[in-house]
Amino acid sequence: MALLIAAALACALIALPSSAQALEVTATTARSNSDNDNSIYGGMETRVTWEAQTASDESLSTLTLDYPDGSTIPANQVKVTGLSGLNRITLDYTVASVDADTVAISFNTPTQAGLLIRVEASKAVLPAEGGSLSVSGSATLANGAQVDIPNGPAMNVVGVSVAQQLSNKLSEQGWVQAWNQNRLLHMFFDPTIIVISIPAVFHGWLLALLMVVCSFPIAIVIGLLLCFLRISHVGILRFLGSLYVNIVRGTPLFLQIYIAFFGLPLLGINIDNYLLSVIVMSLNSGAYLCEIFRAGIESISKGQFEAARSLGMNAVQTMFFVIIPQAFRRVIPTMTSEFILLYKDTSLFAAVGVMEMVMFARSITATTGNMTPYIVAALFYLLVTLPLTKFINIFEKRLADPSHGHKRGGSTPSPARLTDEETTLLESAPKVDSEHVTATSSLPGTQA
Amino acid sequence: MKKKFALVAVLGLVAALALAMVGCGSSSSTKKATSATSATSAAAASASGSLTMQDGTLTVISSLDFPPFENLENGEAVGFEMDLIRALGDQMGLTVNIQNQAFDSLVPAIAAGSTADCSISGITITPEREEEVLFTDPVIDSNQSLVVLSSSSYTDAASLQGKTIAAQSGTTGSDWAKENIPNANVVDYQEATACFSALAAGQADAVSIDLPVASYTIRTAYSDCKIIQETPTGEQYGIAVNKNNPELVSALNDALAEIKANGTYDQIYNSWFATN
């Protein structure tokens, strides 16, 4: 409203000296053509909206709008709408180009007085160098009087981005046009959209990675704590542990996100969105990791416990110096899968407005109606998940292959050796300790 | 690892190209269209001699979270546009099958073809969307609005400078907020209802959404919210149809003209927007 008043004042001041009454320009805006924020870039297509209120005795027969120097305004893309209050009034008009940045609109029947006139110029290109730009113009009233229209509020236009320049260049290439002729290729692999998607999606990729890198260590700690609860000898602790794990694993992460993002603020708890994402992810993943750790610990044979105890270690020492080091090594592949799952789950936070990869991709898709940004996002996900999958495979092979393990384990004393023997044991004889073997072999399933 | 990654990417592209070739081949033989998807759907349509993918049925996709235009009530799609599309279906002698789908995926789905015949879902006719799909004549005019909590002190767009605005992804409301509220942090939600949840939860300071939806939602569910600004935009909703099916557009336009002439349109309009 302050803007409107300012505009009105400015108009009044300029209009006063001249005898003719002028329209009051209420808005000059351009649609953001950026993929990251709300900025308006010069040198690429946007839609410029200009609005002016005619006075109760002003009826227009022509309207000439002079857009900023260096703009390109296609006359056939100019749409004029009349609004009386909230009612749309269809206007009868023709638009002609005076020069590249000036259009002349003539109304075949003069507009009714007191209308809000909206002129939308689509596919308009503002000057590439940017700046604070405004639209000037003039009008002829139905009574023949000429009025100058003072500049309305200015638009802040940013110089064109590198990705956009590249995209614009690409769209002029013959092969790109031929490529886009095919609707499938255009829909999923449009080179001009790939180019503009990469910087935006990369930004989201970093944020998603940051979210998971922050939450995973916390999840490991939570998982270990839960795991101790679940294998505790105290009934109530065991019960609490399994209650938490079963509730978290038994409900979709999507619902947990909704509850955290829309429920907590109602209780008066307001946490930054990214921080809240990290908390939700840690709490969720902790429950899965708990089960992974538990299976890992239970896969270590009883003999290990007994041997450690016979050496005079107490229960805590046994756990931390004998059991966990061995179990941890075994669960590394499964933990990595959990990391991959958690990483992919960051996409769910798009639903509550956290700006991560899918959200960036979606905002481009929403404006272009094109699926290419999702393909770009998929490739960025693979950039992390494929190497990690490879790592799991290598690691699993090493665990399964005792000779390989021996070479490395040979130089290091007992704990590693014991692990190797354990592995061999697990490999060769399911009957020896069928319960523990089941626990290990069910590992990949724990996070299903 | 990089090698493998590149290999996957290349394989994907090769597969896409192969598909495209097949598409071009068949389309040149039918002399109808240029792309793979459209060629098959066009061929299917012409083979059955029908306007729609499935004989006798008009498959419609809509985001059923936009009352009073479309909404889910007891599992039933209700709303002005739902009644309208059913009336159009009756007029055309087609059974209407309505499917629920997220708003920002409607235009891409219609552009890709093959999943639905058309989409009616408060879709404003814009030049950008017209590049992807065809639109029928406008079915209704609409405007924009800003909604805040009744307890808040915001008075208009300018007072929301730099604040968080909730909007539905891909809507004109989202565009309007980005364009007209200085430095606004516009957060796009997938559903209109999530925007209001976010406002109620304090995740957003305001909702930027089509005026009829704002008034209806405040009246029925969010009585602790108020409209602080009604923005005349004069935007118009249309029904989106695949570019290779202009026959369906003209059939829908004819039916629309007829129900406007015989009073059915007014009857539906009054049942949802009667001023009292």
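From a predicted model like this one, the values you see are computed outputs, not experimental measurements.

## Some words on the interface of chain A and chain B
Between chain A and chain B, the contact holds 44 residues from the first and 48 residues from the second. A per-element tally of the side of chain A that touches chain B places helix α4 (residues 183-189) of chain A first, with six residues. In terms of residue class, the side of chain A that touches chain B is made up of 23 nonpolar, 15 polar and six charged.

## Focus: the pairing of strand β3 (residues 70-73) of chain B
Two faces, one strand: in a regular strand the side chains alternate between the faces of the sheet. All names here are of chain B. The sheet contact formed by strand β2 (residues 65-66) and β3 spans two bridges and is antiparallel. Among the inter-strand pairings, Asp65 is bridged to a residue of β3, identified as Asn71. Between β2 and β3, which pair antiparallel in sequence order, lie three residues. Summarising the sheet, β3 and strand β4 (residues 76-78) pair through three bridges and their orientation is antiparallel. Across the sheet, the residue bridging to Glu73 is Glu76, located in β4. Joining the antiparallel neighbours β3 and β4 is a turn of two residues, in which Asn74 adopts a positive phi near 50°.

## Considering the sheet that holds strand β4 (residues 60-66) of chain A
All names here are of chain A. In spatial order, the strands read β7-β8-β4-β11-β12; together these five strands make up an open sheet with antiparallel pairing. Across the chains shown, the open sheet's two edge strands, defined by having one partner strand only, are β7 (93-99) and β12 (146-149). The average angle at which neighbouring strand axes cross in this sheet is 15°, direction not considered. Bridge count for β4 against strand β8 (residues 102-107) is five bridges, and the pairing is antiparallel. Bridge pairing in β8 links Leu65 to Val103.

## Re the pairing of strand β8 (residues 140-149) of chain B
Residues and elements named next belong to chain B. Where burial is concerned, most of β8 is hidden: seven out of the 10 residues are buried. The pairing of β8 with strand β12 (residues 225-237) spans nine bridges and is classified as antiparallel. Looking at the pairing, Ser142 lines up with Glu235 of β12.

## So, the sheet that holds strand β1 (residues 57-62) of chain B
Residues and elements named next belong to chain B. One open sheet holds the five strands; their spatial order is β5-β1-β6-β13-β7, and the pairing between them is mixed. Every other strand in the sheet has two partners, leaving β5 (95-100) and β7 (134-135) as the edge strands with one partner each. Packing against the sheet, helix α3 (residues 80-92) makes contact with β1 and β5, and its axis sits at approximately 150° to β5.

## Digging into the confidence of the model for chain B
Residue and element names in this part refer to chain B. Averaged over every residue, the pLDDT of chain B is 83; the share at 70 or more is 82%. Per-residue pLDDT stays below 50 along residues 17-48; that stretch engages in 53 contacts with residues further than four places along the chain or on separate chains. Overall fold confidence for the complex sits at a pTM of 0.68, while the interface term, ipTM, reaches 0.71.

## A closer look at the packing of helix α6 (residues 235-250) of chain A against helix α8 (residues 273-298) of chain A
Packed helix pairs are specified by the crossing angle of their axes together with the interaxial distance, meaning the distance between the axes. Residues and elements named next belong to chain A. One way to put it is that α6 packs onto α8 with a least axis distance of 9 Å and a crossing angle of 115°. The way α6 lies across α8 gives a crossing that is left-handed. From α6, Tyr244, Val245, Val248 and Arg249 reach across to α8, where they touch Leu283, Asn284, Ala287, Tyr288, Cys290 and Glu291. Grouping the constituent residues of the contact of α6 with α8 by class yields seven nonpolar, one polar and two charged.

## A word on the nonpolar core
The biggest cluster of nonpolar side chains holds 131 residues, and the ones touching the most others in it are Ile110, Ile165, Ala166, Cys195, Leu199, Val207 and Ala240 of chain B. Top element by residues in this core is helix α5 (residues 191-230) of chain A. It accounts for 17 residues. For Leu199 of chain B, the residues in contact, after removing those within four places along its chain, are Val147, Leu149, Ala166, Ala204, Ala206, Val207 and Cys225 of chain B.

Here is what the cut-offs are and how they apply
- Residues numbered from 1 in each chain as written.
- Chains lettered and ligands numbered in written order.
- Predicted model: local features only at pLDDT ≥ 70, side-chain atom pairs only at ≥ 80, totals over all residues.
- Contact = placed C-beta atoms within 7 Å.
- Helix = DSSP H or I, 4+ residues; strand = E, 2+ residues; numbered from the N terminus.
- Nonpolar A, V, L, I, M, F, W, Y, C, P; charged D, E, K, R; others polar.
- Pairing = 2+ DSSP bridges.
- Axes fitted to C-alpha atoms, helices over the stretch in contact; angles between N-to-C directions.
- Buried ≥ 20, exposed ≤ 12 C-beta atoms within 10 Å, placed from the backbone.
- pLDDT = per-residue confidence, 0-100.
- Left-handed = near helix turned anticlockwise from the far one by under 90°.
- Core = buried A, V, L, I, M, F, W, Y, C linked by C-beta atoms within 7 Å.

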